[in-house]
Amino acid sequence: MKEEYMTPQERMNAAINLKKPDRVPIAPIIGMDLPATYYGLNIAELHREPIKAVEAMVKFFDEFGGWDGYSTLPLVKIGYILGGLKFKAPGQELPDAPGYYGQFDEGEWMKVEDYKTIADIGWGKFVANEYIYRISDWTPEDVEENRKKYFQFALKGGEEYTIKRKMGMRTGANRVHPFFLLSLNRSLLKFTQDLYYRPELVEAALETMTDGLIKSTIAQCKGNGGNVVFVPEERAEGAIYPLKIFERFWWPYTKRIVESLYDEGIITWLHLDQCWDLNIPYFKELPRASCIIDLDGLTDIFRAKEILKDHLCLMSDVSGSLFSIGSEKQVEDYVKKLIDKLGVDGGHILSSGCEVPPNCRPENFRTFLKTGKTYQLSRE
Amino acid sequence: MTSDLTNNLIELEREKVLSEVKERLNQNEDPMKIFEECKQGMELVGEKYKKKEYFLAELMLSGDLFREAMELIEPYLGEKKVEGDIKGKILLATIQGDIHDLGKNILATLLKLEGFKVYDLGVDVNPDIIVEKVKEIQPDFLGFSSLLTITFDPMKEVIDKLKEVGLRDKLKILVGGGITTPLVKDYTGADFQTIDAMEGVQYCLEIIRTRIVVKARGGI
Ligand code: B12
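What counts as what
Residues numbered from 1 in each chain as written. Chains lettered and ligands numbered in written order. Predicted model: local features only at pLDDT ≥ 70, side-chain atom pairs only at ≥ 80, totals over all residues. Heavy atoms only, no water. Pairing = 2+ DSSP bridges. Helix = DSSP H or I, 4+ residues; strand = E, 2+ residues; numbered from the N terminus. Axes fitted to C-alpha atoms, helices over the stretch in contact; angles between N-to-C directions. Contact = heavy atoms within 4.5 Å. Polar contact = N/O pair within 3.5 Å; in protein donor to acceptor, adjacent residues only side chain to side chain. Buried area = accessible area lost by both parts, 1.4 Å probe. Salt bridge = Lys/Arg side-chain N within 4 Å of Asp/Glu carboxyl O. Nonpolar A, V, L, I, M, F, W, Y, C, P; charged D, E, K, R; others polar. Domains from an automatic or database assignment. Core = buried A, V, L, I, M, F, W, Y, C linked by side-chain atoms within 4.5 Å. Buried < 20%, exposed > 50% of the residue type's maximum accessible area, 1.4 Å probe, protein only. Phe/Tyr/Trp six-rings, centres within 6.5 Å; stacked < 30°, edge-to-face > 60°. Lys NZ or Arg CZ within 6 Å of the ring centre and 35° of its normal.

Things to note about the sheet that holds strand S5 (residues 192-194) of chain B
Residues and elements named next belong to chain B. Ordered by their spatial adjacency, five strands build an open sheet running S2-S1-S3-S4-S5, and the pairing between neighbours is parallel. Looking along the sheet, the strands with just one partner apiece sit at the ends: strand S2 (116-120) and S5. For this sheet, the mean angle separating the axes of adjacent strands, direction not counted, is 20°. As defined by bridge partners, strand S1 (residues 88-93) adjoins S2 across five bridges and the pair is classed as parallel. Within S2, the residue paired with Lys89 across the bridge is Lys117. Contacts from helix H5 (residues 102-113) reach S1, S2 and strand S3 (141-145), with the element oriented near 155° to S2. Its contacts with the sheet put helix H6 (residues 127-137) on S1, S2 and S3, and the angle it makes with S1 is roughly 170°.

Encoded structure:
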């Protein structure tokens, strides 16, 4: 079998830039729920003490022999609230019992009147000035304290993954796409009504939010040396909206985000859950190698490859179902298929659909890693 | 020929639909007729969705518009019944550990429109309660909405328990929601799986239809 000769960083850069890596880089998304379940830790406590979540995650990383790409930080309750997303955590709004994990609480928390405020002062200030108190029972002192807590926790994550473990993907910032943020905070139906019946209000907010996202991402990445921004979007795709909505409310803003950041040397990692089959061709308009298209198993990734080959790097999509109830053989076969079809020559990062689920069978995760690390090298 | 009201509903012209409904009700027009025109609009939206001309967005918007129109019409209906015969009974739930309900609610709206009686148990529902409710209500269908992989075992548990008490074959079981795949159908022992609410409705209609045919032929 051929030996590996690249560092995780080199391997990841090669894939993103559509050049041939020694083997496919591996970057599963793992929050804290899986490590916590695996080690029998109390989820309620991890939401209260996020630093412990980072510890659990890196312990898990080491025990399974590591991989190449930085997964996003564990999404803990304080992170959601600080970002302006209402959240239910075990031990707080949900039972502190096995089988319960933190979950986003979707509702019409943001009102129609808020669009104007957001358009005027931006999302960040809107959250800090008023919204955070609407979606939590925090006092201004709590906000301060939790902000510090979150900062320490992010720092710890960076230190453990990027510095100590030399992970290949340096995610400098996480930013929920403006369209997605509005959808989650207005709730799916209300936001859809806004798009159809109050388009100008939405557009004005999207404008300001897009500018804010670009500016704050550049500043944050300059500060911490990161060169990738994680941008999830799970509500704009053709599974939900016709292209006329996508073309008006999503595509121009996304293009602006990706292009502006790329000019500053920052790669946008577009985390696209749900079925994007209809929308995939649009991504050809983005500069070559400017972003990562991260799919979750519902988009036909093999067709996406046909369309985007030699243009953008795809991040694959082993589904939560396969990880949790599939057999090792099924996982192995699927990973081999991904490697064979998505590009031994670059342009593919092997990953999980959304995240590796908390009840993933450990054997399946081992098989995923092992196949990813050895399959290609053993044949060359 | 479809009426203006029907067309406006299809085109999602919210203001126009609601003002026309109000106006015609004020002029003492037969509320049943207004209801029928709205319902026809919904059926045509459904057709467009099946032909992929319309998306989930239009399905949701028209469903909500229809609901608003019905709120105006209902007080005028008095004793009249808008529901025809109930096509079937369906029990819906998002099982313990999962609090997602968007998809389940969309499905419930569509099923009601098609004349199903929907018993929605809500989210984070204990498996034993579901088994109890099946005993009590004796539905034709049981539908699980699932967005998290941790629901697979409890859903399987319900289906296994239904087998134990001899109720499994008395109903059809559907699993739906973004995380489900055919693998989930096999794992839990359900009859049908989808990530498209409309497909779920079609499945239920199909089952009811074949039952009627079987009955007509003298079968059970
Ligand atoms: C938007 C979204 C979010 C939003 C929250 C949305 C919400 N209200 O909870 C945010 C960004 C906050 C989020 C967070 C997370 N998410 Co999330 N999320 C999604 C996503 C992309 C869409 C869910 C949604 O809003 N759908 C819209 C509704 C309308 O669709 P639907 O429920 O599928 O319903 C349709 C059909 O399925 C059908 N249907 C639904 N039920 C039924 C039932 C029957 C009987 C029938 C016939 C039909 C039917 O009808 C509907 C209309 O057609 C799904 C992926 C997916 N493909 O579903 C992941 C998904 C649910 N999330 C996932 C994950 C991992 C997470 C996180 C844990 C990520 C993390 N690392 O922290 C967090 C925390 C969990 C949480 N819920 O908060 C995973 C869950 C897997 C698992 N671990 O078990 C999923 C499945 C993504 C994936 N592919 O892996 N998520």
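Regarding the environment of Thr208(A)
Residue and element names in this part refer to chain A. Residue placement: Thr208 occurs in helix H11 (residues 199-224). For the pair Thr208 and Asp120, spaced 88 residues apart in sequence, the C-alpha to C-alpha distance is 7.4 Å. Setting aside residues up to four positions removed in sequence, Thr208 forms contacts with Ile118, Ala119 and Gly122. A distance of 3.2 Å separates a polar side-chain atom of Thr208 from the backbone oxygen of Ala204.

Details of the interface of chain A and chain B
The interface is formed by 32 residues belonging to chain A together with 27 residues belonging to chain B. Between chain A and chain B, the buried area comes to about 2500 Å², and carbon and sulfur atoms account for 68% of it. On the chain A side of the contact with chain B, Gln103(A), Tyr197(A) and Ile325(A) bury the most area, a combined 25% of that side's loss. Our count for the chain A to chain B interface comes out at zero salt bridges. At the boundary of chain A with chain B, the tally comes to 11 residue pairs in polar contact (both at pLDDT 80 or more). Of all elements in the fold, only strand S2 (103-104), helix H10 (188-197) and helix H15 (320-325) of chain A reach the threshold of two or more residues within the side of chain A that touches chain B. For the side of chain A that touches chain B, the element with the most residues is H10(A), which contributes six residues. Split into classes, the residues belonging to the side of chain A that touches chain B amount to 18 nonpolar, 11 polar and three charged.

Remarks on the domain arrangement of chain B
Residues and elements named next belong to chain B. Examined at the domain level, chain B breaks down into domain 1 (4-77) and domain 2 (83-216). Centre-to-centre separation of domain 1 and domain 2, based on C-alpha positions: 27 Å. On the domain 2 side, the residues contacting the 10 residues of domain 1 number seven residues. When the buried area of domain 1 at its contact with domain 2 is split by residue, Tyr49, Lys50 and Leu59 rank highest and sum to 46% of it. Our count for the domain 1 to domain 2 interface comes out at zero salt bridges. There are one residue pair in polar contact (both at pLDDT 80 or more) connecting domain 1 and domain 2. Those elements that provide at least two residues to the side of domain 1 that touches domain 2 are helix H3 (31-50) and helix H4 (56-77).

Examining the nonpolar core
Membership of the largest hydrophobic core comes to 152 residues, with the highest contact counts inside it found for Trp67(A), Trp123(A), Leu182(A), Phe283(A), Ile293(A), Phe365(A) and Phe368(A). Of the domains in this structure, domain 1 (4-77) and domain 2 (83-216) of chain B are the two that each give at least three residues to this core. Grouped together as the second largest cluster of nonpolar side chains are 23 residues, Leu91(B), Ile137(B), Ile179(B) and Ala190(B) included.

Structural notes on the packing of aromatic side chains
Taken as a whole and assessed by the stated rule, the structure comprises 35 aromatic pairs over all chains. Considering the side-chain rings of Phe60(A) and Phe64(A), the 4.4 Å spacing of their centres and the 35° angle between planes classify their relative orientation as tilted. Note on Phe60(A): relative accessible area 2%, which makes it buried. Residue classification places Phe64(A) among the buried positions, given a relative accessible area of 9%. Counting every residue linked through ring pairs, the aromatic cluster contains Tyr38(A), Tyr39(A), Phe60(A), Phe61(A), Phe64(A), Trp67(A), Tyr161(A), Phe323(A), Phe365(A) and Phe368(A). In this structure, Lys117(B) packs its charged tip against the face of Tyr119(B), placed 5.7 Å from the ring centre.

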